[in-house]
Each structure stands twice: as structure tokens, then as C-alpha cells.
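One-letter residues, chain by chain:
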Amino acid sequence: MTTPNTSILFYRSDNGQAGTGTLSGGRWQAKATLRLPTGYTHGAASRDSLLLYNQGTGAGEVGTFTGGTYTRVKTYGFAPNWTFIEASGDSVIFYNATGRGVTGTLKNGAFQQVRVYNDFSSGWGTMASSYDTLVAAARHGSTEFPWSNVGYGTLSDGVYTDKGSIPRDDFLGELTATSDSALSWARAGGELEFRASKAANGTGISFQKIGTSGMWNKVGRTSDSLFFYKDDGTAWTSTLVNGNYTNVGPLPQVSSGWTLIEGGV
């Protein structure tokens, strides 16, 4: 698929309630409401597909996800206890903090395993993938003086290929990514500090501070946009393209209690 995916899904694990829509240029458009199985803890969306996963049981499903519409194609029995699941344009990675991993393709509403890894670095605390570039960070040091190291590589055709790492003195917090960029947000006192980087072709990873804000519980993504969310329903959107971040503004009347916010790339 070459068309950027602006689809985004909102999901509650306690009752299976879900809503879908599009987020393009920071502008939200609702599409549908649906019921899904309860208990999903992870989600990952590629350029045309969405994978949902229950960490405790391994239960999951995959379907097509374009134009703001999700259609289940198949249920799966994955291994339980994966720490992170992240999708690129056509691929997905399952990672466990012990250093184990699995990669495969995620396209046309189906998952196909390609490779098993037992030699990933252990202890990654966050990861995100753009259209073709996976970035991971781990926190070190003390609470007062934290720092992060960063690893990155390509995630394409169902395979991850390591490209390098950048030790850092400053702390990168949680990560998310749009089609060609990555965003980090880290708690600094009573606010969040944001850094952004280009993230394309497995190169160009260099995070630069772009500002601060109040606290958010979750940050979702689509191919060009970010969705900042508080559990009480407060929301804000922005764009992140070519490493450049631009605020769009608040989004009123968003439901409270969403536990997963997953968008395509």
C-alpha cells in the first residue's frame, strides 16, 4: 500500500466499546462505532491493517483498516506476554524485554510471521515505528539524572534490520511515530517535555527539543498527525511531518476512558 493511512481507533478494554475515524492534517472525522472482544491490551496499525492483542492470554485479531473503517478478517492465538507490538507501513514486530522478538508482515488484513529473534537488546522501555523505521529507547541513571540510549533500524517486508544506536545524555520518554517522524514525551517536573526527530529509511535519528505541555495519558498517531489524550476526555491534535511539529488545537467532546488509541501510518 502506498496511500498513507489516516485511520485511527479508540477502544475500551473493559467493555469492548470502540470507535473509528480519520485524523488527517490534525483534523478528526468520526466514522463508525463497534464492539470488539474485551481485554485487548495492545494494538498496532500498518498502512492498511490493524492488529489487536491481549497480553495475558495471547488472543488477538487482525483486519483491514483504511478510510477510518476497521473490518475483522481473522482471529489469532499469539504467544502471551509480549511487551511491545509496533507496526510500520507493511510489517509488525513483537518484542519482549528479555530480548526475544518476532517480526512479520501486516498487510491486506492479515499477519504472516517471517522471522524469530533471540538476540535483540534486552530492556527496551519504549518503541515506535514510522513507515519504515523502528526506534527504541531505554532509560538509565537515577530519577534525578536520567538518560536514555536509543537503537534504530528498518522494519520492512516483515524483517527488522539494525542500523545503529545513539547514546544520549538527556532522557527520551515514551515514543510514537508518524509516517516519517518520531516523537518523544518525557515527564519533567509537573509537565511533559517533547522532542522530535525525522525517522525515515532507517537513518536521520536525532531528537531535538520542541517544547513542553501539561500532562497527557496517551498519544496516538496517524500518518501525519498526533492525538493527545487525557483519560477524562480532554484531547488535542497536531501534525508531525518531516520532523516538524505543528499544533492544530483542542478537540472537544471526546469520550473518557479509552484504553487504546491506535492509528495507521
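Residues numbered from 1 in each chain as written. Predicted model: local features only at pLDDT ≥ 70, side-chain atom pairs only at ≥ 80, totals over all residues. Heavy atoms only, no water.

**Q** Even after reading the chapter, I still don't get the sheet that holds strand β9 (residues 91-95), so can you show me in this structure?
**A** For sheets, the rule is that strands pair by backbone hydrogen bonds, running either parallel or antiparallel. Strand order in the open sheet made by the four strands is β8-β9-β10-β11, with antiparallel pairing throughout. In this open sheet, the two edge strands, each paired with only one partner strand, are β8 (84-87) and β11 (110-117). Neighbour-to-neighbour, the strand axes of this sheet turn through a mean angle of 20 degrees, independent of strand direction. Note that β9 and strand β10 (residues 101-107) share five bridges and pair antiparallel. (Pairing = 2+ DSSP bridges. Helix = DSSP H or I, 4+ residues; strand = E, 2+ residues; numbered from the N terminus. Axes fitted to C-alpha atoms, helices over the stretch in contact; angles between N-to-C directions.)

**Q** Please clarify how the nonpolar core should be interpreted in this entry.
**A** For soluble globular proteins, nonpolar side chains are generally found buried alongside one another. Grouped together as the largest cluster of nonpolar side chains are 14 residues, with contacts concentrated most on Leu51, Phe78, Ile85, Val92, Phe94 and Phe111. The set of elements that each furnish at least two residues to this core consists of β5 (49-53), β8, β9 and β10. If near-sequence neighbours (up to four positions away) are discounted, Phe111 is found in contact with Leu51, Val62, Tyr76, Phe78, Val92, Phe94, Gly104 and Thr105. (Core = buried A, V, L, I, M, F, W, Y, C linked by side-chain atoms within 4.5 Å. Buried < 20%, exposed > 50% of the residue type's maximum accessible area, 1.4 Å probe, protein only. Contact = heavy atoms within 4.5 Å.)

**Q** It is not clear to me how the sheet that holds strand β18 (residues 191-198) should be interpreted in this structure. Could you clarify?
**A** Sheet architecture is open: four strands sit in the order β16-β17-β18-β19, paired in antiparallel fashion. The sheet is open, and its two borders are formed by β16 (174-177) and β19 (208-213), each paired with just one other strand. Geometrically, the sheet is characterised by an average inter-axis angle of 25 degrees between neighbouring strands, direction not taken into account.

**Q** Explain the side chain of Thr22 here, please?
**A** Structurally, Thr22 can be placed in strand β2 (residues 17-24). Here Thr22 is in contact with Thr6, Ser7, Ile8, Arg27, Trp28, Gln29, Lys31, Gly67 and Gly68, once residues within four sequence places are set aside.

**Q** Explanation requested: the pairing of strand β17 (residues 181-188) in the structure shown.
**A** Along any regular strand the residues' side chains alternate between the sheet's two faces. A large share of β17 lies buried, amounting to six of its eight residues. In this antiparallel pair of consecutive strands, β16 and β17, the connection spans three residues. Sheet topology places β17 next to β18; eight bridges connect them, and they run antiparallel. By the bridge assignment for β18, Arg187 is matched with Leu192.

**Q** Please explain the layout of surface pockets as it appears in this structure.
**A** Over the atoms rolls a probe the size of a water molecule, and its path tells where empty space is left. Counted as a void, the largest pocket has a volume near 560 Å³. Considering the residues around the largest pocket, the lining is formed by 30 residues, among which Glu86, Leu175, Val219, Ile261 and Glu262 are closest to the centre. Contributing elements (two or more residues each) for the lining of the largest pocket: β4 (42-45), β8, β12 (126-129), β16, β20 (218-221) and β24 (260-263). Of the residues belonging to the lining of the largest pocket, the class tally is 14 nonpolar, 11 polar and five charged. Approximately 310 Å³ is the volume found for the second largest pocket. Taken together, 17 residues form the lining of the second largest pocket, with Trp28, Ala30, Gln253, Ser255 and Trp258 sitting closest to its centre. Going through the elements one at a time, β2 and β3 (27-35) are the ones with two or more residues in the lining of the second largest pocket. In terms of residue count, β3 provides more of the lining of the second largest pocket than any other element does, five residues in total. (1 Å grid on protein atoms, 1.4 Å probe; cavity = no way out; pocket = protein on both sides within 12 Å on 5 of 7 lines; lining within 4 Å. Points joined across faces, edges and corners; volume = space filled by probe spheres on them. Nonpolar A, V, L, I, M, F, W, Y, C, P; charged D, E, K, R; others polar.)

**Q** Would you mind going over the side chain of Thr176 with me for this structure?
**A** Mapped onto the elements of the fold, Thr176 is located in strand β16. Beyond its immediate chain neighbours, meaning those up to four positions away, Thr176 contacts Ala128, Ser181, Ala182, Leu183, Trp185, Val219, Arg221 and Leu226.

**Q** How should I be thinking about the environment of Asp90 in this particular structure?
**A** For Asp90, the location among the structural elements is in the loop between β8 and β9. Taking C-alpha positions, Asp90 is 8.2 Å from Asp132, a pair spaced 42 residues apart along the chain. Side-chain polar atoms of Asp90 contact the side chain of Ser91, separated by 2.6 Å. Of the polar contacts made by the side chain of Asp90, one reaches the backbone nitrogen of Asp157; its length is 3.3 Å. (Polar contact = N/O pair within 3.5 Å; in protein donor to acceptor, adjacent residues only side chain to side chain.)

**Q** Can you help me understand the packing of aromatic side chains in this one?
**A** Aromatic rings considered in pairs are described by the distance between their centres and by the relative angle of their planes. In the structure shown here, the tally under the stated rule is 21 aromatic pairs. Summarising the aromatic geometry, the rings of Phe65 and Tyr70 are spaced 6.3 Å apart at their centres and angled 75 degrees between planes, so their arrangement reads as edge-to-face. The same class applies to Phe65 as to Tyr70, namely buried. An aromatic cluster of at least three residues, connected via ring pairs, comprises Tyr53, Tyr76, Phe78, Trp82, Phe94 and Phe111. A cation over a ring is seen here: Arg139 above Phe171, with NZ or CZ 4.5 Å from the ring centre. The ring of Trp216 is capped by Lys230, whose NZ or CZ atom sits 5.5 Å from the centre of that ring. (Phe/Tyr/Trp six-rings, centres within 6.5 Å; stacked < 30°, edge-to-face > 60°. Lys NZ or Arg CZ within 6 Å of the ring centre and 35° of its normal.)

**Q** For this particular structure, what's the right way to read unusual backbone geometry?
**A** Among all residues save glycine, negative phi is the norm, and among peptide bonds the norm is trans. Although it is not a glycine, Asn81 adopts a positive phi angle of roughly 75 degrees. Secondary-structure assignment places Asn81 in the loop between β7 (69-77) and β8. On the basis of relative accessible area, Asn81 is assigned to the partly exposed category, the value being 48%. Within the chain, Asn242 stands out as a residue other than glycine whose phi angle is a positive 55 degrees.

Bear in mind that shape data such as this cannot, by itself, settle questions of function.
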